[in-house]
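# Chains, contacts and geometry: an overview
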Amino acid sequence: MQEIENCSKEMLNCKKWLHSTLFTPYSIEQMTETLERYLNLHFWYYSISEHIQPEKRQRIRKISKRFVLNFFIQTRNFYTAFAASENNMAFVRSEIARLEYPFLFYQQGRYYNNGFEAVIPQAIDLLAEDRDPFFELVFDENIDFSNVGPSEDIFNFYSDIYYLQFLRGVWKNIEAYLVGESNEPPVAYAGNIIAHRYDSFISLFKRTEDFDQVVLYLKSIDILDENAAFITGSGKKKYLAVLVQALQKKGKLKPVYNYEIARLMTMQFKIDSLSPDYISKDFPKRRDLLEEVMKDLVL
């Protein structure tokens with residue numbers, strides 16, 4: 001299945017980048033975005049790949065539910081405190097700072113929190129297919145914490161990645177709300193992690209009418225034909241990559257990782273292929289093209 005192959009390739013790309021952080025400067029946001037993407041890909045890959053034993057696929061699904069439960073508790077506690085805070089912006093900023101600090105304490109691809117220390121690339125390597133892809137060093141057969149090693153610390157490390165990315169979503173929504181770019185209240189979707197849950201590109205939009213406007217726009221610049229199918233041609237895919245960034249900046253898409261976006265755009269517009277990396281990578285005059293799309297795409 002092509003989706004499985006693409007997922008495997010993107011996992012390898014994520015691991016390659018994570019290993020580079022041991023000797024190359026990076027931002028904490030880059031680090032946690034890549035970690036979240038890798039974990040999402042990992043859960044999806046090991047819960048659906050046909051070459052994985054059925055009982056192992058079932059185990060990874062149970063573990064993903066354990067992460068979702070913990071995420072529910074974290075976000076519920078957050079919203080309770082958020083509602084009571086006198087200064088929402090200061091409260092969210094302090095939460096982000098608290099979650100970022102373990103990544104900042106050493107930097108250089110390392111994480112330190114209350115005595116627990118991890119070299120991040122090595123922590124991710126533990127999930128490799130020939131090592132521990134089913135979290136058997138973290139959870140026992142009953143999905144309780146293992147008695148071997150710092151199992152709960154490792155789980156909290158992974159969990160905080162999701163929570164930190166959620167907090168960034170809240171922060172961006174607050175900023176958009178305050179400057180008038182959004183009429184929505186400053187909250188973020190709390191449940192959209194791990195699951196491979198969308199079946200169409202349309203379903204990623206918060207409002208269906210925005211999708212309709214996107215189709216009209218892409219037709220107007222000869223990216224889509226009259227049947228809303230992609231018109232193959234040199235340099236055309238960069239418009240799709242920039243379109244995704246524009247939609248994210250405008251707050252029109254639900255929070256979802258690039259692998260899912262690329263998969264659904266490929267299906268929706270009948271594209272031969274669209275790499276998730278292409279959505280996020282830089283290319284000549286990308287900034288200028290983004291400004292053009294932001295101005296011309298009226299949503």
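Residues numbered from 1 in each chain as written. Predicted model: local features only at pLDDT ≥ 70, side-chain atom pairs only at ≥ 80, totals over all residues. Heavy atoms only, no water.

## Focus on the overall build of the protein
Along the backbone of the protein there are 11 helices and two strands. Within the protein, the fraction of its 299 residues that count as buried is 47%. Taking contacts inside the protein between residues at least 6 apart in sequence as the whole, the part at least 24 apart equals 67%. As presented, the protein carries roughly 15500 Å² of accessible surface, and 50% of it is formed by carbon and sulfur atoms. (Helix = DSSP H or I, 4+ residues; strand = E, 2+ residues; numbered from the N terminus. Buried < 20%, exposed > 50% of the residue type's maximum accessible area, 1.4 Å probe, protein only. Contact = heavy atoms within 4.5 Å. Areas by Shrake-Rupley, 256 points an atom, 1.4 Å probe, with all protein chains shown as cover.)

## Re the environment of Arg93
Mapped onto the secondary structure, Arg93 falls in helix α4 (residues 88-104). Classification of Arg93 as partly exposed rests on a relative accessible area of 34%. Residues Arg93 and Val170 lie 77 residues apart in sequence; the distance between their C-alpha atoms is 9.9 Å. Apart from the residues within four sequence positions on either side, Arg93 is in contact with Glu100 and Trp171.

## Some remarks on the nonpolar core
Leu35, Phe78, Val92, Phe103, Phe135, Phe157 and Tyr158 are the most contacted members of the largest nonpolar core, which totals 53 residues. For this core, the elements supplying multiple residues, two or more each, are α1 (2-20), α2 (28-48), α3 (54-84), α4, β2 (116-119), α5 (120-125) and α6 (151-178). It is α6 that contributes the most residues to this core, 13 residues altogether. Once you skip the residues sitting within four places of it in the chain, Phe78 turns out to touch Phe91, Val92, Tyr163, Phe166, Leu167 and Val170. (Core = buried A, V, L, I, M, F, W, Y, C linked by side-chain atoms within 4.5 Å.)

## A closer look at a negative patch on the surface
Residues Asp288, Glu291, Glu292 and Asp296 make up a contiguous surface patch of negative charge. Tracing the sequence through the fold places Asp288 in helix α11 (residues 286-296). (Patch = residues over 30% accessible without salt bridge, like charges linked within 9 Å, V, L, I, M, F, W, Y side chains within 5 Å. Salt bridge = Lys/Arg side-chain N within 4 Å of Asp/Glu carboxyl O. Lys, Arg positive; Asp, Glu negative; His and termini not counted. Charge placed at Lys NZ, Arg CZ, Asp CG, Glu CD.)

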